[in-house]
Amino acid sequence: MAAPVDDMFSFCVDPCKVTSSVEVQFIDNIKGKGLFAKRSIKKGETILIERPLVSSQFLWNFLYKYKACEYCLRALETAEENARRLCCNPALSLPHPELCHVRPELHQACPQCQVMYCSSECRQAAADQYHRILCLGPSEEDPDHPINKLKDAWRSVHYPPETSSIMLMAKMVAVVKQGQLGLLHSLFKEALYDEHLSRWFVPEGFRSLFALVGTNGQGIGTSSLSQWVHACDALELPDQQREQLDSFIDQLYKDIDKETGEFLNCEGSGLYLLQSSCKRRRCNHSCIPNAEASFPDNNFLLHLNALSDISPGEEICISYLDFCQRDRSRHSRHKILRENYLFVCSCSKCTSQMDELDVTSEEEEGEAEGETEGDEMEDEMTDV
């Protein structure tokens, strides 16, 4: 269940106070720091809940009309509006609309640039932290405004699926310019070795900032439709009604897949003190993780949940790879991690597979392309 609106915006994890379950420990000069259990943690237990220092919706995601709160990334469309857009059916009606908890009456726009927020609390938080610097006012739609030109340049070299956003860096700069240096002081000092803002704008400082965002940003996904589906799953219904509802949802996802494909969520990324750190994520990677991050509140609040029982003193690890990537060969996993996170994994799964033959990603992709080409040829022959 989503957090109440009044409570949601007052919650912020102070990593120094999250001591009952976890602690940050230095491991070595290669892995840096890690997050370790201080007590026994049961499978399914929520280890921590954290909000990011800064977060931003992906630029292509925004361009394709995925409507999210500019501050907390909460999905702004109702579940029905979301489903109608994704399956291109403006007449679609969802059963049980009362299960959608999006509250349009609370939504507020910035009075200058009309950027949307899910509540007055989010609009005020954004204004206090960074938006007074980044607000474009009447130039929001002006393609020649420097910030819009920056967004266009980023989109021209970062196509979906997206992994980061230049606006995450812009918000970090704006937070400091608005006097919020204390919020990010330790983050910036460790990453850039300098407290002076001008340092970020020379090539070396900019590369450091870019690497910080690129390798430590945590992906965020929110969806009012997904929340509605989970609420439907929890309904206690007679067998016939349950079967009808499940059939409706299955067909809905088939229709969405046909029209939209796999891009269902409002997507963005954020920087988290515990989940991600300046030189290395606090939660290190494992190809067989014992924890995972999720966003059940339909906003940027990250929930770290245990995938298995975790013993006191055991390191808490997530996977930087998705489920399908984790099933690929050791060599392919290493290639993805090197290219995106700049390290080589030495988890127990990778260690146990050291003697296996290397199968490169190119070979695996070549096989997939061969299958795709074969399918396309078959389709073309069928059409003829």
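Residues numbered from 1 in each chain as written. Predicted model: local features only at pLDDT ≥ 70, side-chain atom pairs only at ≥ 80, totals over all residues. Heavy atoms only, no water.

1. So, the packing of aromatic side chains
The geometry of an aromatic ring pair is captured by two quantities: the separation of the ring centres and the angle between the planes. Overall, the coordinates contain 5 aromatic pairs when judged by the stated rule. Cluster of aromatic residues (ring-pair linked, three or more members): Trp60, Tyr64 and Tyr159. Over the ring of tyrosine 66 we find arginine 85; its NZ or CZ atom is 4.4 Å from the centre of that ring. (Phe/Tyr/Trp six-rings, centres within 6.5 Å; stacked < 30°, edge-to-face > 60°. Lys NZ or Arg CZ within 6 Å of the ring centre and 35° of its normal.)

2. Remarks on the nonpolar core
The biggest cluster of nonpolar side chains holds 59 residues, and the ones touching the most others in it are Ile47, Cys69, Tyr71, Tyr117, Leu304 and Ile316. Breaking this core down by element, the ones donating at least two residues are strand 2 (32-37), strand 3 (46-50), helix 4 (120-134), helix 5 (146-157), helix 6 (166-177), strand 10 (302-306) and helix 12 (330-341). Sequence-distant contacts of cysteine 69, defined by excluding residues within four places in its chain, comprise Arg74, Leu76, Met116, Tyr117, Cys118 and Cys122. Counting 21 residues, the second-largest nonpolar core is a separate cluster that includes Ala83, Val102, Leu245 and Cys266. (Core = buried A, V, L, I, M, F, W, Y, C linked by side-chain atoms within 4.5 Å. Buried < 20%, exposed > 50% of the residue type's maximum accessible area, 1.4 Å probe, protein only. Helix = DSSP H or I, 4+ residues; strand = E, 2+ residues; numbered from the N terminus. Contact = heavy atoms within 4.5 Å.)

3. So, the sheet that holds strand 9 (residues 291-294)
What the 3 strands build is an open sheet, ordered 3-10-9; its pairing is antiparallel. Looking at strand neighbours, the two that pair on one side only are strand 3 and strand 9, the edges of this open sheet. Strand-to-strand twist across the sheet, computed as the mean angle between neighbouring axes with direction ignored, equals 20 degrees. Note that strand 3 and strand 10 share 4 bridges and pair antiparallel. By the bridge assignment, threonine 46 is partnered in strand 10 with asparagine 305. (Pairing = 2+ DSSP bridges. Axes fitted to C-alpha atoms, helices over the stretch in contact; angles between N-to-C directions.)

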